[in-house]
Amino acid sequence: MPPDAHEMRDEPPPFLGRWPRVYAAVIIYLGLLIALCYIFTRAFS
Amino acid sequence: MRPLDWVVLVGSLVSIIAYGLYRGRGSNTVDRYLLAGKSMPWYAMALSIMATQASAITFISTTGQSYVDGMRFVQFYFGMPLAMVVLSATAVPIFHRAKVYTAYEYLENRFDAKTRALASVIFLMQRGLSVGLTFYAPAIVLSVIFGWPDRLTTLIIGVTVVIYTVTGGIRTITWTDVQQMLIILFGLLVALVMILWMLPRQVSILDAIHLAGAAGKLNAVTFHFDWNDRYNLWSGLIGGMFLALSYFGCDQSQVQRYLTGKSIAQSKLSLLFTAMAKIPMQFFILFIGAMVFVFYIFEPAPMVFQRAEYERIQRPEMRARYDPIAARYQDAIARRKTEALAIVEARHAHDPRAENEAMFRYRSAQRDVDTARLEGAHLVAATGGEKGFRDTNYIFLSFVTRYLPAGIVGLVIAVILAATMSSSSGEINSLATVSVVDIYKRHFRKDASDRHYLAASRLATAFWGAYAVAFSGFGKNLGSLIEAVNIVGSLFYGSLLGVFVLAFFFKRVTGTGAFVGLLAGEAAIFAAFLFTGISFLWYNVIGCVVVIAAGMAVSYATRRRALPLTI
């Protein structure tokens, strides 16, 4: 095991306050990307 | 290669290696050598993770994939953000708090030594095969440019990588990746600008996008569900999520990256940033491939992009079979060019009827081009070439070396070689870590000094470098390299994921249950691979589900047997 000197801290995220909100933002972002890809496919195929 | 290309190539490589070694100085303990002393910031880890994935294979093969099959490969990455969220909430804090060097070390804490050993061996087999493919990609580059034998090229690159990896450890690898990622993005941008700039004057960017779309190259999303279809929305979201969960949660080459983080939050941020950046980046790379396709509508595209094979099937003794195919191909590409220009003209004249008519003829010509290319590939395979010959990996490089100006060619080659060196060095480093920590230290030499294990790590690094070079020829017969890497990974990842899911979420599962479940999962995946036509993305789901089911069943049965009988 690595030395105990590396005690791990689980800090809050630097934005949005809490980790669940950051996770939700990532999932919403994924939905937007898929929607954009779909629009792109429809527009040019 | 012109003198300016050599200057750019050599200058880029020397600066990358020098910078990496400079940042990696002081890696003189096992903790610093394997985990960078847990000092890395999130952005360095994120760019390092992305650079490892954006290897030469990505650059060479994905663009060719798009040229041949369109952009639907991007769906493969749709599951990644979901996986990163799950891993940030579970694996990252668990691994960090367990204070482990490897993911498999955690399995002994949770289950037993045999489960840890089996998982380690599965990883070593899988990653050992993949690292060979990573080496093979740049060998293609140099064989196309210089005509050097693949094996010699692989050996030269392999020796260079081993020396550089043995010296610097993971800190060197991470910082080198950061620098490479910036060069890769710059190189990609320059390549796209050059392609668009070299299109005929009357063809605008929007026209080019329309021509690519009309030929079916911009099919970024397909909703149609088919178990045997590799890339659709559902296989991407579900299969892709399982593959990403396995890759980032159970593959030491990635786990080791975020174990170097200075805090749990920094490691989480690195994964989430990767999740957000990966899909746009892959879209961008695939789009470049689609634009190369448009470029070749107006320039003479070779029927076969691998020059040596193309020249071979044009020899006098082959002419009887080659000439009819070549004639059909030349006729088809001439018709395609004419109709593409007709589409552009009709668009500029705002004449939808003429555009539709030209579009119909353009698509027909494209189908004839595809058919003739397929016949050409069959001719290569039937006359002594590789079995199942495909030239996907040669398309982008053929374009780069033939059309890009002096300096840019050197930059692109530098990006490809540097990406290979860094990707493979990270893989070799993780293989060495598992060999030393999970096998050697655990089973052969438990109480040696830190200096001894550091030397063992360096020796293991050299061994895995040699192993990778020996297996690099495996990539030759696997078609698109990017697919080959993912297929090899999918044969092992699902069951590894299953055992970690058991460890994290099923408190009542025993070590024996996990061990048997792991074996059952591997058996199920290989059965699916050998006896069904199920797409490889689903192997991860199958393996994971079988491991969980078998692990729970065996744990339940063995616990019942262990309970004392009461009357």
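It should be noted that the structure appears before, not after, this text.
Please read all numbers here as calculations on a predicted model, not as lab measurements.

S.K.: Where do I start with the overall build of chain A in this structure?
M.R.: The helix and strand inventory of chain A stands at one helix and zero strands. Sorting the 45 residues of chain A into buried and exposed places 11% on the buried side.

S.K.: What am I meant to see in the overall build of chain B here?
M.R.: If you tally the helices and strands in chain B, you get 22 helices and zero strands. Sorting the 567 residues of chain B into buried and exposed places 59% on the buried side. Counting contacts in chain B only where the partners sit at least 6 residues apart, residues at least 24 apart contribute 86% of the total.

S.K.: Would you explain the interface of chain B and chain A in this entry?
M.R.: Note: interface size is frequently given as the accessible area lost on complex formation between the parts. Counting residues at the interface gives 32 residues for chain B and 23 residues for chain A. Counting only elements with at least two residues in the side of chain B that touches chain A, the list comes to helix 2 (30-35), helix 5 (80-89), helix 6 (91-98), helix 10 (205-214) and helix 13 (264-298) of chain B.

S.K.: So what exactly am I meant to see when it comes to the environment of B:Leu9 here?
M.R.: Residue and element names in this part refer to chain B. With respect to the helices and strands, Leu9 occurs in helix 1 (residues 3-23). Here Leu9 falls in the buried class, since 22 other C-beta atoms lie within 10 Å of it. Separated by 402 residues in sequence, Leu9 and Leu411 place their C-alpha atoms 5.9 Å apart. Ignoring any residue separated from it by four or fewer positions in sequence, one finds Leu9 in contact with Gly410, Ile413 and Ala414.

S.K.: Where do I start with the nonpolar core in this structure?
M.R.: As a rule of thumb, nonpolar side chains are buried together in soluble globular proteins. Residue and element names in this part refer to chain B. Judged by nonpolar contacts, the single largest core of 203 residues is most densely connected at Val74, Met291, Val292, Leu496 and Val499. Per-element tally for this core: the top contributor is helix 13, with 21 residues. The residue makeup of this core includes at least three contributed by each of domain 1 (3-296 + 399-470) and domain 2 (316-388). Leave out the neighbours within four places in its chain, and Val499 touches Leu107, Thr115, Ala119, Ala514, Gly517, Leu518 and Val547.

S.K.: Hey, could you run me through helix 10 of chain B in this one?
M.R.: Within an α-helix, residues lying three or four positions from one another point in the same direction, as the helix has 3.6 residues per turn. With seven of ten residues buried, helix 10 of chain B lies mostly within the body of the structure. Those residues of helix 10 of chain B lying buried are B:Asp207, B:Ala208, B:His210, B:Leu211, B:Ala212, B:Gly213 and B:Ala214. Those residues of helix 10 of chain B that are buried are in contact with helix 1 (19-44) of chain A together with helix 9 (150-197), helix 13, helix 15 (319-348) and helix 16 (352-382) of chain B. One or two residues past the end of helix 10 of chain B sits B:Gly216, with phi positive at roughly 80°.

S.K.: What's the story with unusual backbone geometry in this structure? I'm lost.
M.R.: Both trends apply: most residues other than glycine have a negative phi, and most peptide bonds are in trans. Residue and element names in this part refer to chain B. At Lys99, a residue that is not glycine, the phi angle is positive and equals roughly 50°. Along the polypeptide, Lys99 turns up in the loop between helix 6 and helix 7 (103-110). You can call Lys99 partly exposed: it has 19 C-beta atoms within 10 Å.

S.K.: Just to check I follow, could you spell out the packing of helix 9 of chain B against helix 19 (residues 450-471) of chain B for this structure?
M.R.: Helix packing for two helices is described by the angle between their axes and how far apart those axes are. Residue and element names in this part refer to chain B. For the pair helix 9 and helix 19, the least separation of the axes is 9 Å and the interaxial angle reads 165°. By the criterion of interaxial angle, the relationship of helix 9 to helix 19 is roughly antiparallel. Where helix 9 crosses over helix 19, the handedness of that crossing is right-handed. Taking contact as the criterion, the partners of Thr154, Leu155, Gly158, Val161, Val162, Thr165 and Val166 in helix 9 are, on helix 19, Arg458, Thr461, Ala462, Gly465, Ala468 and Val469.

What counts, and at which threshold
- Residues numbered from 1 in each chain as written.
- Chains lettered and ligands numbered in written order.
- Predicted model: local features only at pLDDT ≥ 70, side-chain atom pairs only at ≥ 80, totals over all residues.
- Helix = DSSP H or I, 4+ residues; strand = E, 2+ residues; numbered from the N terminus.
- Buried ≥ 20, exposed ≤ 12 C-beta atoms within 10 Å, placed from the backbone.
- Contact = placed C-beta atoms within 7 Å.
- Core = buried A, V, L, I, M, F, W, Y, C linked by C-beta atoms within 7 Å.
- Domains from an automatic or database assignment.
- Axes fitted to C-alpha atoms, helices over the stretch in contact; angles between N-to-C directions.
- Parallel < 35°, antiparallel > 145°, perpendicular 65-115°, else oblique.
- Left-handed = near helix turned anticlockwise from the far one by under 90°.

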